[in-house]
Amino acid sequence: MTTINHQHQDANTPATVLPIAPSKQPLSTAKSVDTQSVLKRLQSELMALMMSGDSGISAFPEEDNIFCWKGTISGSKDTVFEGTEYKLSLSFPNDYPFKPPKVKFETACFHPNVDLYGNICLDILQDKWSSAYDVRTILLSIQSLLGEPNTSSPLNTQAASLWGNQEEYRKMVEKLYKLSA
C-alpha cells in the first residue's frame, strides 16, 4: 500500500491551500488546535490527490466545508463496472485521521458490499482503519472493491448471489446505473 509523506512541503506551496473555514461553530483553544491539524491534513491530502494523476478517482471539498467532500470513482477496465462512474460523499470527523471518514455511494450501485442506502462494507473504513490511510487510498480501495467484492460478507445478498454469473450481473449494473444517472 502506498503512503504519502505529509511532512514535506515545497517552499513555493502556500501554507493554506484553500480559504476554507473548518467550522461555523466556536471552538475552545485546545479544540481549535486539533481542528487546525485536521484542516492542514485534509488540505495536504487534497493537493496530493490532485497531483497523483491516478485515473478514475477524484475528490474535492464540497463548497466551503473541507470536512465534507464529493468524490468520483470510475469502474475499472475489464470488470462489469467498466464504463460507469459513481459519485461518493466523504464526511470527515473532527478527529481524522485517527477515525475514518464516513463514505457513501451517492450514485446507486449494485454491489455485494454496498447496500441500498449507499453504505459500504470495507474493512479499512471500519475496524482495519489506520491513520496512514488517506483519501487517495480510500478511493483506490473502493475502486478495487468494485471489481473484487467480498461475497462472503455481503450487504446486498442479491448482488452477492448473482456475482457468479457475470453476464447477468453486468445487466443489473447497467440497469441500475441508467436509472440513477
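What you see is a predicted model, and the numbers here were worked out from it, not measured in a lab.

## Quick notes on the pairing of strand β1 (residues 57–62)
Pairing geometry for β1 and strand β2 (residues 65–74), over six bridges, is antiparallel. Paired with P61 across the bridge in β2 is W69. Joining the antiparallel neighbours β1 and β2 is a turn of two residues, in which E63 adopts a positive phi near 50°.

## Comments concerning the UniProt feature "active site" (unreviewed entry) in the protein chain
In this structure's numbering, the residues bearing the UniProt feature "active site" (unreviewed entry) are C121. With respect to the helices and strands, C121 occurs in the loop between β4 (102–105) and α2 (135–147). Ignoring any residue separated from it by four or fewer positions in sequence, one finds C121 in contact with N113, Q126, L145, S153 and L155.

## A word on the pattern of salt bridges
What the rule picks out here adds up to five salt bridges. Of the charged contacts, one joins K171 and E168 as a salt bridge, the two residues approaching to 3.3 Å between their closest N and O atoms. With K171 and E168 both in helix α4 (residues 166–180), this residue pair falls three residues apart, about one helical turn. As a salt-bridge pair, E174 and R170 come within 2.7 Å of each other at their nearest N and O atoms. Taken together, the residues span about one helical turn, with E174 and R170 both in helix α4 at a distance of four residues.

Here is what the cut-offs are and how they apply
Residues numbered from 1 in each chain as written. Predicted model: local features only at pLDDT ≥ 70, side-chain atom pairs only at ≥ 80, totals over all residues. Heavy atoms only, no water. Pairing = 2+ DSSP bridges. Helix = DSSP H or I, 4+ residues; strand = E, 2+ residues; numbered from the N terminus. UniProt positions renumbered as here; feature names shortened; annotations may be inferred. Contact = heavy atoms within 4.5 Å. Salt bridge = Lys/Arg side-chain N within 4 Å of Asp/Glu carboxyl O.

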